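Report on the structure
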Amino acid sequence: LPDSSQGSWQHARRLFIGLGGTGCQIISQLRDYFAESDVPDDNTKWLMIDSNSDEMAACSQSSKKTFSQSEKLVLPLRDPSYYRDIDSNKFASISRRWLYNIPRGFNTGGARPLGQVALLDNQRLAGNVLTDVITDCLKDYGENDTDHGTTNHEAEPIPRIYLFTSAHGGTGSAWFCDIGFGIRN
């Protein structure tokens, strides 16, 4: 990340998205860093996305500043019987055996194909939440800040969006390209 003492960084609109367990841990630590430093977080939004709600909750609670429900998105797996009855075209890119081998705990267990199943199954939800978060980053641009007598034109109009994940993980690495493409479009 850029040096926090540079003016352009301080006034940039920022959206940090953690994908999977590792990505959620990273933005949790980053949020703690922001809280302890002089980096203003007025223009900063946070979003954790994972398929494992327990791991996400542990990550969120380990942070000094907990994440609100609107800053967390769980894309869970479902029971294998659900996938047997659904339109197979939706999951055409994934071997059918993955749809029948979902762990009893409905977690991906670090398997990329299961992470992809979770994203494909919840793609509309993921798209809606990402659209809402990005829209929220943009909506304040140009409004008056009555507390300081200024406008928010000091902030850059287009937010800087950062995705954090492990390239060798399961869930986050399966989602990285698709989520990045979705944000870009």
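A few points on the structure. Quick caveat: nothing in here was measured; it's all calculated off a predicted structure.

Some words on the overall build of the protein chain
Broken down by element type, the protein chain carries 8 helices and 6 strands. The helix and strand sequence of the protein chain, counted from the amino end, reads α-β-α-β-α-β-α-α-α-α-β-β-β-α. When burial is assessed residue by residue, the protein chain has 39% of its 185 residues classed as buried. Look at the contacts in the protein chain between residues 6 or more apart in sequence, and 67% of them connect residues 24 or more apart. Of the accessible surface of the protein chain, which amounts to about 10,100 Å², a share of 48% is contributed by carbon and sulfur atoms.

With respect to the sheet that holds strand β3 (residues 72-74)
Here 4 strands make up an open sheet; going across it, the order is β3-β2-β1-β6 and the pairing parallel. At either margin of the open sheet sits one strand with a lone partner, and together these are β3 and β6 (160-164). Strand-to-strand twist of the sheet, defined as the mean angle between neighbouring strand axes without regard to direction, takes the value 15°. Pairing of strand β1 (residues 14-19) with strand β2 (residues 44-50), which is carried by 6 bridges, proceeds in the parallel orientation. Within β2, the residue paired with R14 across the bridge is T44.

Section: the pattern of salt bridges
Applying the stated criterion to the full structure yields 4 salt bridges. Residue R78 pairs with D121 through a salt bridge whose shortest N-O separation is 2.8 Å. You can see R78 sitting in the loop between β3 and α4 (80-84) and its partner D121 sitting in helix α6 (residues 112-121), a full 43 residues away along the chain. One salt bridge in this structure joins K90 and D121, with 4.0 Å as the shortest N-O distance. Remark: D121 occurs in helix α6 and K90 occurs in the loop between α4 and α5 (96-100); sequence separation between them is 31 residues. One salt-bridge network, in which partners are shared between bridges, spans R78, K90 and D121.

Points about the packing of helix α2 (residues 20-36) against helix α3 (residues 53-62)
When two helices pack together, their arrangement is given by the angle between the helix axes and the distance between those axes. Two numbers describe how α2 lies on α3: the axes approach to 9 Å, and their chain directions differ by 15°. What the angle tells us is that α2 and α3 run roughly parallel. Note that α2 runs across α3; the crossing there is right-handed. Of the residues in α3, those touching α2 at G21, C24, Q25, S28 and D32 are E55, C59 and S62.

Things to note about the packing of aromatic side chains
Inspection of the entire model under this criterion finds 9 aromatic pairs. Centre to centre, the rings of F16 and F164 are 6.0 Å apart; their planes meet at 35°, and the pair counts as tilted. A residue pair is termed long-range when its members are at least 10 positions apart, and F16 in strand β1 and F164 in strand β6 qualify at 148 residues. Just as F16 is buried, F164 falls in that class too. Through a chain of ring-to-ring contacts, the aromatic side chains of F16, Y33, F34, W46, F67, Y162 and F164 assemble into a single cluster.

Some points on the state of the cysteines
All told, the structure shown has 0 disulfides when counted by the stated rule. No disulfide involves C24; its nearest neighbouring cysteine sulfur is the one of C59, lying 5.5 Å away. The buried category is assigned to C24, whose relative accessible area is 1%.

Conventions used here
- Residues numbered from 1 in each chain as written.
- Predicted model: local features only at pLDDT ≥ 70, side-chain atom pairs only at ≥ 80, totals over all residues.
- Heavy atoms only, no water.
- Helix = DSSP H or I, 4+ residues; strand = E, 2+ residues; numbered from the N terminus.
- Buried < 20%, exposed > 50% of the residue type's maximum accessible area, 1.4 Å probe, protein only.
- Contact = heavy atoms within 4.5 Å.
- Areas by Shrake-Rupley, 256 points an atom, 1.4 Å probe, with all protein chains shown as cover.
- Pairing = 2+ DSSP bridges.
- Axes fitted to C-alpha atoms, helices over the stretch in contact; angles between N-to-C directions.
- Salt bridge = Lys/Arg side-chain N within 4 Å of Asp/Glu carboxyl O.
- Parallel < 35°, antiparallel > 145°, perpendicular 65-115°, else oblique.
- Left-handed = near helix turned anticlockwise from the far one by under 90°.
- Phe/Tyr/Trp six-rings, centres within 6.5 Å; stacked < 30°, edge-to-face > 60°.
- Disulfide = S-S within 2.5 Å.

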